[in-house]
Structure formats: C-alpha cells, structure tokens
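Descriptive structure summary
Each chain, letter by letter, is given below.
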Amino acid sequence: MRIKNTPSKPTSHGKKIIFWQIPAALIFLIASFIFGYISNPAWSIESAVQSIKKTLIKSDLAIVEDIRQEMGLYTSNGLATIFLDIPFDSLLSIEEKRTEALIAGILLTSDDDFVPADMHLNDGMSFPVKIRLKGDWTDHLVGDKWSFRIHIDDSQQAVLGMSRFSIQAPETRSYEKEWVYHQNLLQEGILTPRYYFVNVVQNGRFNGIYALEESFTEDLLESQNRREGPIIRYSEDLLWKNWENLNYQETNLRDTIQQIGEFWLTGAGDSEITSFRQNHITKDELLSGELFAAIELLSSFNEGLLPGEEVFDQELWGKYFALTDLWGAGHATAWHNLRFYYNPITGLLEPVVFDALPFEPSSVKDRLAFPFGEKGYIQQIFRLPGIQKSYVTNLERVTKASYLNKLENDYGDSLDHFHKILTGYLEKGIFGDIPPIPWNDLWLRANILTNNLK
C-alpha cells in the first residue's frame, strides 16, 4: 500500500532550509540588491556587483583590523611568540583527557597521552612536535588556557635552546616571582630549569602569555655547565593515583591531610626512585651505570646505610635551603617536587629546583619555608650537619642589605617589565589578581631570618 507523504514541520535538524538558516551576509547582499533595484530601476547588475565588492572590501578591512589589533597584543610586549597548531583529532584526544581529569580532580598522564601537532617560534619554519596536557591539579586545565608538555624529537630543532619543555598559565607558578627565584638560583650555581615568558598563538588564536619551563634533560645540564648525568626523583604515580581515589574535591580533606605533616596517602619511602629520560639513559652504558649509582646512593641514605656527606653535595644543598628560605619558596621542598642530579665528576647528588611558588601568602612570615615543619622528608636532608653549616653561612650572606640591593639592581627592571605586561592582560580577563612585585616581602623575610639566626 502506498503511504501518502505528509509535510513535516521544519526544524533546525531537518533537511529543509528555512529563512533563518541562511547566512546573515548572504541575506544582507540579497536585500541590498532588491533595495537598490526598487529605488532605482535603472540600477544595473554591474552596479550591484560593484556595491557588493565594496561591502566585501569593508568587511575584509574590518577582519584585517581585528587581526592587526590582536597581533599587536603579542608583538608589542617584547616576548617571543610560540605558534602551536593542533590538528582536530589531536585536540579531541586532549579534550577527552581534560574532561576525565576534571571529573577525577587530578590529571593522570603517561607517554600514551602524547598526540601530534606542529609549532614554530616567531617567524621560523614549522616543525612537528608531540604534546599532552600537564599539571597535577586542575588549575592547569581551567578556562581555555591549558598547560601543555611539549616534546621536539627532531634533533635539528629547538625552542630557545630546549627540546622538551612545558607551557602553563603564569598564575600556576606565582607569576613573575617564580622567574626571579629561578634567576637567583642560576646566579648561585644551583641547577634549575630555564624559565621564560612567551606569547602563545594556538590554532590561529592569541591565547595570552604563558610561562615556559624547561624539562629535565641534558639540555638543562649543558646550559649550566654540568656534564650529562642522570636526574632522578621519587615517582609520583602512586601519590596522584591515591588522590584520585580519594577524590579530594568531594571529601574536602586536602587541608586536613596537609596539616597532619605529610602526604599520608603516599610518601617518599613508599615511592620508587626513577629517572628522567629513562629510554635515553638505558641506550648508553656509561649513563646506565651512573643511574644505578645514583639510585644506590639515595636508597642507601634513606635506609641509613650511608652517611649524608657521602651522598649529597652539602655546600650546594645548604645554599639551596638558604635561598629557598629567603624567597619563602618551600613548595619546591615537598618530597614529590625533589629532583636529584648525579654529578659524575663528584659522585654526589645535587638539587635540581623547580615548582617553588615563592611568597605564597602563608610563607612570608613562616619561621622556615619548608612545608610540614619538622615532619617532612626534606628534614632528613636538612638536618645533616654539613648542610646546616652551609645553610647558616649562606643565609648570613644572602640576607645582607648589600645582597638584596644587588638582586634588585640585577633583576628589578626585568621584573617590572614582566609585572607590567602581566598586569596589562589582567584587564583583558586572562589572569586573576596579580600580587605586587616581591621586594618588600624579600626584605621582610630577610629580617625575620636574620633575627632567627641571632
């Protein structure tokens, strides 16, 4: 039996085209043509074409002006610009991972999360990279400004001398304060990732200013006059997996756990000692041997089998603790943020410092900048007599007025510039509140620490 077709009600999902689905620009052009013909019957097709051309030219000029104004945002601030082009399939994978992390409250990552993309620096040639999301907490994933880990596998390519690095919103690292702390460490010969501010244009859209932070590779070591050697750490995998299981966003236990004095979920003693660039190291017999020696040193210290003076470069660790106290940068001393470089020349472990968050509000007036007071793992290292001697000697030196004045002279202008451009973007809604430049806090910390020494 033949069924009579009945007209369906038009919907936005149907096949019929309805008036409001016609692009606005096309409606405007048709209306212009009709109006022109009614008002002047002699109006020719040629006149209509010319009118349409003028309309399109004005529209193009407006687009060009918008592009020019947006380019002005990142060409006038003196920073390098990274152009990141993420294919549609890669972006879908990244968005799925982000959604998973927002639900869990924690970002868990692995090498399987890397997806292909392309990038170039300033006006340079584009080259392929691998990217993934980075960051433990979801502050790295809010809004449209996500943190990325970027790997360049082409040995002929690098960005600012780096083949592996991260880009992240500056507020995830205490804005410009993290930068000046890094500069002070470099000035004192303490290993730390190179740290810059850059503009980022993602898929043709200016995404604001990011902090670029170097990863733990041989590039870092060579740039700071160290021979290549393994950089080891305590694995964080179990820690963050346990946090995910707890789902602190629902139970609101994070503050309580930190008040206990240690991450009771997982500690350094529960975590495997691993290295960065594991695949690279295992391909080299010399590096493999040095990695074994590094892990043996740290394990033997933890088990009480070796004295600290045979494990740590006490002068460098004492200096690191002094600078960390001066800047209220105790976040870097949490066990899961510790990084150890095995110096193949001295046979000792040196600190590699990052993720410090200088002058968080709670750290300005603290007696010690170290987290969890006397209960944290870091105190096992800090209590070593040779390290405490170096700490006191260096703290006396770096809290003097002459030292503080030199720091301000060396880095004040750059810090002012970074603060100015970051504050400028605050008005455009890209950042939250930006704390003031930290010189007053630095002097306050110096006075507190000087009084403690006395």
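Our subject is the structure listed above.
So, here is what we can say about the structure in this document. The residue numbers shown here count from 1 along each chain, following its written sequence. Reporting in this predicted model follows two pLDDT cut-offs: at least 70 for local features of residues, and 80 or more for side-chain atom pairs to be given and counted; totals over whole chains, interfaces and linings ignore these cut-offs and use all residues. Note: side-chain values were computed over all heavy atoms of the structure, leaving out hydrogens and water.

1. With respect to the sheet that holds strand 8 (residues 231-234)
- Pairs of strands are assigned from DSSP output, requiring at least two bridges between the strands. Secondary structure counts use DSSP, requiring at least four H or I residues in a row for a helix and at least two E residues in a row for a strand, with both numbered from the N terminus. On the basis of which strands lie adjacent, the open sheet formed by four strands has the order 9-8-10-11 and antiparallel pairing. If you trace the sheet from one side to the other, it starts and ends with strand 9 (273-275) and strand 11 (348-351), each paired once. Taken pair by pair, the neighbouring strands of this sheet meet at an average axis angle of 35 degrees, ignoring direction.
- Bridge analysis of strand 8 against strand 9 gives three bridges, and the strand direction is antiparallel. Its bridge partner being in strand 9, Ile232 is matched across the sheet by Ser275.
- Contact definition: two residues touch when any of their heavy atoms are within 4.5 Å. Helix axes are fitted to C-alpha atoms over the stretch in contact, other axes to C-alpha atoms as well, and angles between N-to-C directions run from 0 to 180 degrees. Strand contacts of helix 11 (residues 314-326): strand 10 (339-343) and strand 11, with the helix running at about 15 degrees to strand 11, the strand carrying the most contacts.

2. Considerations on the pattern of salt bridges
- The working definition used for a salt bridge is a side-chain nitrogen of Lys or Arg within 4 Å of a carboxyl oxygen of Asp or Glu. Overall, the coordinates contain 14 salt bridges when judged by the stated rule.
- The partner of Asp113 in a salt bridge is Lys97, with the nearest N and O atoms 3.7 Å apart. With a gap of 16 residues between them, Asp113 in the loop between helix 3 (88-104) and strand 2 (115-121) and Lys97 in helix 3 connect regions that are remote in the sequence.
- Using a relative accessible area of 16% as the deciding quantity, one classes Lys97 as buried.
- Residue Asp325 pairs with Arg445 through a salt bridge whose shortest N-O separation is 3.3 Å. One end of the pair, Asp325, is in helix 11; the other, Arg445, is in helix 15 (residues 439-453), and 120 residues separate them in sequence. Arg445 matches Asp325 in its accessibility class, with the two residues each being buried.
- Through salt bridges with shared partners, one network takes in Lys97, Glu100 and Asp113. For every residue, the accessible area obtained with a 1.4 Å probe (protein chains only) is divided by the maximum for its type, and the residue is called buried under 20%, exposed over 50%, and partly exposed between those limits.

3. A closer look at the sheet that holds strand 1 (residues 81-85)
- Spatially, the seven strands close up into a barrel ordered 1-2-3-4-5-7-6, and their pairing is mixed. For this sheet, the mean inter-axis angle between neighbouring strands, taken without regard to orientation, is 40 degrees.
- Note: strand 1 against strand 2, four bridges, orientation antiparallel. Within strand 2, the residue paired with Asp85 across the bridge is Asp118.
- Helix-sheet contacts for helix 4 (residues 176-187) involve strand 6 (195-202) and strand 7 (205-214), and the interaxial angle to strand 6 is about 140 degrees.

4. Focus on the packing of helix 11 against helix 13 (residues 385-398)
- At their nearest, the axes of helix 11 and helix 13 sit 7 Å apart, and the two run at 45 degrees to each other. As judged from the angle between their axes, helix 11 and helix 13 are oblique. In the packing of helix 11 onto helix 13, the handedness of the crossing is right-handed. Along the contact surface, helix 11 presents Gln314, Glu315, Trp317, Gly318, Lys319, Phe321, Ala322, Leu323, Asp325 and Leu326, while helix 13 presents Gly386, Ile387, Ser390, Tyr391, Asn394, Leu395, Arg397 and Val398.
- Note on residue categories: nonpolar means Ala, Val, Leu, Ile, Met, Phe, Trp, Tyr, Cys or Pro, charged means Asp, Glu, Lys or Arg, and polar means any other residue, Gly included. The residue makeup of the contact of helix 11 with helix 13, split by class, is nine nonpolar, five polar and four charged. When describing relative orientation, an angle under 35 degrees is termed roughly parallel and one over 145 degrees roughly antiparallel, while 65 to 115 degrees is termed roughly perpendicular and anything else oblique. In a left-handed crossing the near helix is turned counterclockwise from the far helix by less than a right angle, and in a right-handed crossing that turn is clockwise.

5. Here we look at the packing of aromatic side chains
- Two rings from Phe, Tyr or Trp (for Trp, the six-membered ring) form a pair when their centres are within 6.5 Å of each other. A pair whose planes differ by under 30 degrees is stacked, one over 60 is edge-to-face, and the rest are tilted. Evaluation of the coordinates by the stated rule reveals 19 aromatic pairs.
- Between Trp179 and Phe418, the aromatic rings sit 5.0 Å apart at their centres with planes inclined by 80 degrees, giving edge-to-face as the arrangement. Of this pair, Trp179 sits in helix 4 while Phe418 is found in helix 14 (residues 401-426), placing the two residues 239 residues apart along the sequence. For the pair Trp179 and Phe418, one class covers both residues: buried.
- Judged by centre distance (6.1 Å) and plane angle (85 degrees), the ring pair of Tyr234 and Phe340 falls under edge-to-face. Remark: Phe340 occurs in strand 10 and Tyr234 occurs in strand 8; sequence separation between them is 106 residues.

Treat this as a map of the structure, not an account of what it does.
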